Amino acid sequence: MDEKRGEVRLRRPDSSEQAKEFTFDSVYDDKSRQEDIYVNSVFPVVENVLIGYNGTVFAYGQTGTGKTFTIEGYDNPPDMMGVMPRSFETIFSNIQCDNPEQRQYLVRASYMELYKEDIRDLLSPNPKAKLELHEKPDTGVYVKDLIMTVVTSVQELKKIQMIGRKNRTTAETKMNDHSSRSHAIFTITIETSEPGVDGKPRIRAGKFHLVDLAGSERQSKTEAVGERLEEATKINLSLSTLCHVISSLVDSRSSFTPYRNSKLTRLLQDSLGGNTKTVMIANIGPADYNYDETLNTLRYASRAKHITNKPRINEDPKDAMIREFQNEIERLKAELAQIDRDSSVAPDMLLNQLANIGNMGGAKLSQDRLKELAEESKARAREVEARKVSIKQTTQEVATEKQKILENLRKHEEQSQKEMRDRNELKRQLGRKELQLHLHNENVEREKKRKLLEDQQMQAALEEKKIKQRRLAESLKQKKEETIALQQKFATQKEEIEVKDKILHRLWKKLQAIRTKTREMEEFFWSEREETMNRICDYNREAKLLDLIIKNFVPNEKQMEIKECAHWDDENEAYKLMLPEPNTDLKVKKEPVPEQGQVVETSSQDLRPKCENILLLELDVTKRTTEDYTGTQESSRVKNTFHNILVDNKDDFEYNAVYFFFLIH
């Protein structure tokens, strides 16, 4: 890999053929950092999303090459964070550094997966439920009932990422311990509102898609069986459709792009040749065992580089929610103002009522007290006179003691008030210091984020400048090679022959490389064609089987009823049965009852067959045509002959004769 020139050279192991070269905007090897990938390739897309463009970043490649690590990464250490969490920080850093009086933001997020061509919401309480894919002429493709969560911080976005990661379908294969068995799409919608020239709010909306594609895999290497094999088949089918879409977009002679052949390509329709700024990250591995898969990945990435998108700023979208939020805020403010106006009159009325009640109660209590005092004074008149002298004596002492107590209370109250004032002053000073420190920390943090954003912007601009310079250098080099033979002058004929031999040798190498590439492309095309034909044969075989079952087991009348009830759904691209509602007013016609059934219904006896109703017939015995076995009967002449032979030659033929005898007998 040549990072400076943006080249990848691939050579078949144990082969003398020339290495294949692929050129891209940026190339990263095993020593590259996650930050470099994000700042150089993804950060410009996030910046454009904040001003109203649509952006997409998706990772493509073979299983086990690090696509999920590139998109998500690890939380700890921070250097291992992937594209997704870094984009979270960039989005909210821009929002915090912006002036809220000039521009308002609304950020929403959703997370879904495409598992075996079924769309699932990873944020739903039931993440296994299937969702439907629809399309509108004004807004494009969308997923019905997909949860969109409003977020206000990086932590909330990371929480959504964690929930989706937990609900996503993963499994273990021979090539990957944590293989993703579905395509995951994390979408962030950023809506901005700012006053226009005419004073009316100007709304923009940008969507940022982070796509983690499941890896392509071969059954011979993963040894997948059962459900894993079915998942791999669906994954390869959707990726194959994605590759066909890329090839169709690059081919100028193609008049049709098969977006509808897969839900994945329909969801990424705007990202491929539409209103989106797209970055494709092609992940490859260094293992020579996966040479063919690496070559296919580089080929499709090279093709995707030539796709031309037409991004534009999305102004005043019809589905913007920030306008609804602003209207709701204005309505709530009006209701609060009305409540304040109503509440300003109520306290004065309440105080007047309480004052009237207090005056009435006070007068009533004074009269009762006077009556009570009058009665007590009459009863205790003599006692008062008797104790008058003693009271006069103690009055002066009580007054003096009371004065002392009041003085002490006054001093204590003054001391408490002074301490309270000092404490409040200290609290105010501490609050001012804390506020100053908090504001200082916020300013420092905001300044750090602003500097970080400026550094990332400068680094991204520098990388873009390098890419442009590299492209210009390659173009100049090519033009120079084309014109050098015409401009160069030679002193001798030999020198001219040497120079032209070098040019011819270089051109011959290019011609051989082009021929090799053409041959490989033809082989790849025929292999894909064969795979497509096999798939078509499988579909035809399945269709013929279903047709055979229908013809032999479904009556013609029912077939006609089903055809009349079947209607094509353009959004889901499938037939749906629109069954007529049953008419409950009509009487159900009974089926005709045979005569035997009518007899059974009218008869009161039990006409079921019993054992005495069954005839007992004897079987006809056939005449015998065989005889019993009686064994073999040897003639007396043969026995005598063998006996004489055995007696005459007893010594010579003892064993053989016995053996022969047993055989014959």
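An account of the accompanying structure is given in this report. These numbers come from a predicted model, not from an experiment.

1. Examining the packing of helix H3 (residues 83–97) against helix H4 (residues 154–167)
Two numbers describe how H3 lies on H4: the axes approach to 9 Å, and their chain directions differ by 155°. It follows that H3 is roughly antiparallel to H4 by the angle criterion. Viewed along their axes, H3 and H4 form a crossing whose handedness is right-handed. Taking contact as the criterion, the partners of Met-84, Pro-85, Phe-88, Glu-89 and Phe-92 in H3 are, on H4, Val-154, Leu-157, Lys-158 and Gln-161. In terms of residue class, the contact of H3 with H4 is made up of six nonpolar, one polar and two charged.

2. Overview of empty space enclosed by the protein
According to the stated counting rule, one finds one cavity of 30 Å³ or more in the structure shown. By volume, the largest cavity is sized at about 50 Å³. Leu-114, Tyr-115, Lys-116, Glu-117, Arg-181, Ser-182, His-183, Glu-231, Lys-234, Ile-235 and Ser-238 together form the lining of the largest cavity. Listing elements by their share of the lining of the largest cavity, those giving two or more residues are strand S4 (104–115) and helix H6 (227–250). Among the elements that take part in the lining of the largest cavity, H6 stands out by supplying four residues, more than any other. Class assignment for the residues of the lining of the largest cavity results in three nonpolar, three polar and five charged.

3. Some details on the pattern of salt bridges
Here the idea is simple: oppositely charged side chains can pair when their charged atoms come close. Overall, the coordinates contain 27 salt bridges when judged by the stated rule. A salt bridge links Arg-108 to Glu-191, with the shortest nitrogen-to-oxygen separation between them at 2.8 Å. Of the two residues, Arg-108 is situated in strand S4 and Glu-191 in strand S12 (residues 183–195); the sequence distance between them amounts to 83 residues. Across the pair, exposure class does not vary: Arg-108 and Glu-191 are buried alike. The closest approach of N and O atoms between Glu-315 and Arg-202, which form a salt bridge, is 2.6 Å. On the criterion of sequence distance, the pair formed by Glu-315 in the loop between helix H8 (291–304) and helix H9 (322–379) and Arg-202 in strand S13 (residues 201–212) is long-range, its members being 113 residues apart. In this structure, a network of salt bridges that share partners links the residues Arg-181, Glu-217, Glu-227, Arg-228 and Glu-231.

4. Regarding the packing of aromatic side chains
For the coordinates displayed, the defined rule picks out four aromatic pairs. Ring centres of Tyr-38 and Phe-43 lie 6.3 Å apart, and the angle between their planes is 70°; this geometry places the pair in the edge-to-face category. An identical accessibility class is assigned to Tyr-38 and Phe-43; each is buried. Their ring planes at 45° and their centres at 5.5 Å tell us that Phe-88 and Phe-186 sit as a pair that is tilted.

5. Quick word on the layout of surface pockets
One number sums up the size of the second largest pocket: a volume of about 1,800 Å³. Considering the residues around the second largest pocket, the lining is formed by 40 residues, among which Glu-7, Glu-21, Phe-22, Thr-23 and Lys-510 are closest to the centre. Among the secondary structure elements, those contributing two or more residues to the lining of the second largest pocket are strand S1 (7–10), strand S2 (20–23), H8, helix H10 (381–487) and helix H11 (493–553). With 13 residues, the top contributor of residues to the lining of the second largest pocket is H11. When its residues are assigned to classes, the lining of the second largest pocket shows ten nonpolar, eight polar and 22 charged.

6. Digging into H4
Helix length check: H4, at 14 residues, gives a terminal C-alpha distance of 20 Å against a target of 20 Å (1.5 Å per residue), a fit within 8%. Of all the positions in H4, only Val-154, Leu-157, Ile-160, Gln-161 and Gly-164 are classed as buried. One side of H4 carries all its buried residues, which in axial view fall inside an arc of 125°. Facing away from the buried side of H4 by more than 90 degrees, the exposed set consists of Gln-155, Lys-159, Met-162 and Lys-166. The elements touched by buried residues of H4 are H3, S4, strand S9 (149–151) and S12.

7. Considerations on the side chain of Gln-62
Here Gln-62 lies in the loop between strand S3 (55–61) and helix H2 (67–71). Excluding anything up to four places from it in sequence, Gln-62 contacts Lys-67, Met-175, Gly-215, Ser-216, Asn-283, Asn-290, Glu-293 and Thr-297.

8. Some remarks on the packing of H8 against H11
For the pair H8 and H11, interaxial distance at closest approach is 13 Å and the crossing angle is 100°. It follows from the interaxial angle that H8 and H11 lie roughly perpendicular. Counted together, Leu-295, Asn-296, Arg-299, Tyr-300 and Arg-303 of H8 and Glu-520, Met-521, Phe-524 and Glu-528 of H11 form the full contact between these two elements. Residues of the contact of H8 with H11, tallied by class, amount to four nonpolar, one polar and four charged.

9. Regarding a nonpolar patch on the surface
A surface patch of nonpolar side chains, about 500 Å² in accessible area, is lined by Leu-545, Leu-546, Ile-549, Ile-550 and Phe-553. Within the element layout of this structure, Ile-550 appears in helix H11. Residue classification places Ile-550 among the partly exposed positions, given a relative accessible area of 37%.

10. Observations concerning the pairing of strand S8 (residues 140–143)
Pairing analysis gives four bridges linking strand S7 (residues 133–136) to S8, with the strands arranged antiparallel. Bridged to His-134 within S8 is Tyr-142. Remark: three residues form the turn of the hairpin made by S7 and S8, two consecutive strands paired antiparallel.

11. Some points on unusual backbone geometry
Here the amide bond leading from Asn-76 into Pro-77 is cis, since omega sits at -5°, within 30 degrees of zero. Relative to the assigned elements, Pro-77 resides in the loop between H2 and H3. Of note in this structure, Lys-116 is not a glycine but carries a positive phi near 50°. Residue classification places Lys-116 among the partly exposed positions, given a relative accessible area of 22%. If you check the backbone angles, Glu-117 has positive phi at about 65° while not being a glycine.

12. With respect to helix H1 (residues 34–50)
Helix geometry: H1 is bent most strongly at Val-42, by close to 55°, with proline Pro-44 lying one to four residues after it. Across the 17 residues that make up H1, a large majority, 15, are buried.

13. Remarks on the nonpolar core
Ranked by size, the top nonpolar core spans 36 residues in total, and within it Ile-91, Phe-92, Phe-186, Ile-188 and Phe-208 carry the most contacts. Among the elements that make up this core, the one with the highest residue count is H1 (eight residues). Sequence-distant contacts of Phe-208, defined by excluding residues within four places in its chain, comprise Val-42, Val-45, Val-46, Val-49, Gly-55, Val-57, Ser-87, Phe-186, Thr-187 and Ile-188. Tyr-60, Ile-119, Leu-242 and Leu-268 belong to the second largest nonpolar core, which has 27 residues in total.

14. Description of the side chain of Ser-262
Mapped onto the elements, Ser-262 comes out in the loop between H6 and helix H7 (263–267). Judged by relative accessible area, Ser-262 falls into the buried class, the value being 4%. Within the structure, Ser-262 has its side chain in polar contact with the backbone nitrogen of Leu-264 (distance 3.3 Å). Ignoring sequence-local partners within four residues, the contact set of Ser-262 consists of Glu-117, Ser-238 and Thr-241.

What counts and what doesn't
- Residues numbered from 1 in each chain as written.
- Predicted model: local features only at pLDDT ≥ 70, side-chain atom pairs only at ≥ 80, totals over all residues.
- Heavy atoms only, no water.
- Axes fitted to C-alpha atoms, helices over the stretch in contact; angles between N-to-C directions.
- Helix = DSSP H or I, 4+ residues; strand = E, 2+ residues; numbered from the N terminus.
- Parallel < 35°, antiparallel > 145°, perpendicular 65-115°, else oblique.
- Left-handed = near helix turned anticlockwise from the far one by under 90°.
- Contact = heavy atoms within 4.5 Å.
- Nonpolar A, V, L, I, M, F, W, Y, C, P; charged D, E, K, R; others polar.
- 1 Å grid on protein atoms, 1.4 Å probe; cavity = no way out; pocket = protein on both sides within 12 Å on 5 of 7 lines; lining within 4 Å.
- Points joined across faces, edges and corners; volume = space filled by probe spheres on them.
- Salt bridge = Lys/Arg side-chain N within 4 Å of Asp/Glu carboxyl O.
- Buried < 20%, exposed > 50% of the residue type's maximum accessible area, 1.4 Å probe, protein only.
- Phe/Tyr/Trp six-rings, centres within 6.5 Å; stacked < 30°, edge-to-face > 60°.
- Expected span 1.5 Å × (residues − 1).
- Arc of directions from axis to C-beta.
- Patch = residues over 30% accessible without salt bridge, like charges linked within 9 Å, V, L, I, M, F, W, Y side chains within 5 Å.
- Areas by Shrake-Rupley, 256 points an atom, 1.4 Å probe, with all protein chains shown as cover.
- Pairing = 2+ DSSP bridges.
- Bend = angle between axes of the 7 residues up to and from the residue.
- Core = buried A, V, L, I, M, F, W, Y, C linked by side-chain atoms within 4.5 Å.
- Polar contact = N/O pair within 3.5 Å; in protein donor to acceptor, adjacent residues only side chain to side chain.

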